[in-house]
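What follows is each chain in one-letter form.
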Amino acid sequence: MTLPTIGWFELLALLLATLGFIMALICYSNLRQLKQKLVEARQETHLLVKALRNETHAMGSGAIGVGQRLVEVEKRLNSTMERQMEFEQRDPGSLPYAYAVRLVEMGASAEDLINNCGLARVEAELITLVHSELKAQKEHPHQEERYAYN
């Protein structure tokens, strides 16, 4: 009995089939690695989304707290303004000073205050001096104070 001989065509087909099988194994291995990377990326994305939700929740809670504090401060400011108005209306002696301050804000001089408000010269000069200092501070806030308390 003789063994059948394999021709070059059959040998080439066997070689190509073996090569195809090896390539299929490599592709399968790569596919498994890609699936594992995809699972890891999904887990990481899930963790990031969860962290962002927590941060967003914390920021929202903080904003609500700040809003509530702002409402409280606004109420206190309105109350203080009402009390100040009541105080000004009760103290008739303060009306010339309030009027004098308004006049100085509009550009009146010390002489104008003396003539219109009935203030003494010293009082009128003091009001204009204080107003000019406040105006200078508003115009140049970065400058140091000229007068320091030791």
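Quick note: structure is the one above.
Residues numbered from 1 in each chain as written. Predicted model: local features only at pLDDT ≥ 70, side-chain atom pairs only at ≥ 80, totals over all residues. Heavy atoms only, no water.

(A) Fine view of the nonpolar core. Among the nonpolar cores identified, the biggest contains 10 residues, and these are Ala100, Leu103, Val104, Ala108, Ala110, Leu113, Cys117, Leu119, Ala124 and Ile127. Where this core is concerned, the elements lending two or more residues are helix H2 (95-105), helix H3 (110-117) and helix H4 (121-139). Dropping the residues within four chain positions of it, Val104 is found in contact with Leu113, Ile127, Thr128 and His131. (Core = buried A, V, L, I, M, F, W, Y, C linked by side-chain atoms within 4.5 Å. Buried < 20%, exposed > 50% of the residue type's maximum accessible area, 1.4 Å probe, protein only. Helix = DSSP H or I, 4+ residues; strand = E, 2+ residues; numbered from the N terminus. Contact = heavy atoms within 4.5 Å.)

(B) Up close: H3. Listed in full, the buried residues belonging to H3 are Ala110, Leu113 and Cys117. Along the long axis of H3, the arc covered by the buried residues comes to 60 degrees, so they all point the same way. Residues of H3 that are exposed and angled more than 90 degrees away from the buried face: Asn115 and Asn116. Remark: Gly118 follows H3 within two positions and exhibits a positive phi of approximately 75 degrees. (Arc of directions from axis to C-beta.)

(C) Layout of the pattern of salt bridges. Applying the stated criterion across every chain yields a total of one salt bridge. Between Glu111 and Arg121 there is a salt bridge, with the nearest N and O atoms lying 2.5 Å from each other. Of the two residues, Glu111 sits in helix H3 while Arg121 sits in helix H4, which places them 10 residues apart along the sequence. On the accessibility criterion, Glu111 (36% relative accessible area) is partly exposed. On the basis of relative accessibility, which here comes to 43%, the residue Arg121 falls in the partly exposed class. (Salt bridge = Lys/Arg side-chain N within 4 Å of Asp/Glu carboxyl O.)

(D) Geometry of the packing of aromatic side chains. Under the criterion given, the structure shown has one aromatic pair. A ring pair is formed by Trp8 and Phe9, whose centres lie 6.4 Å apart and whose planes are at 85 degrees; its orientation type is edge-to-face. Like Trp8, the residue Phe9 is exposed in the burial classification. (Phe/Tyr/Trp six-rings, centres within 6.5 Å; stacked < 30°, edge-to-face > 60°.)

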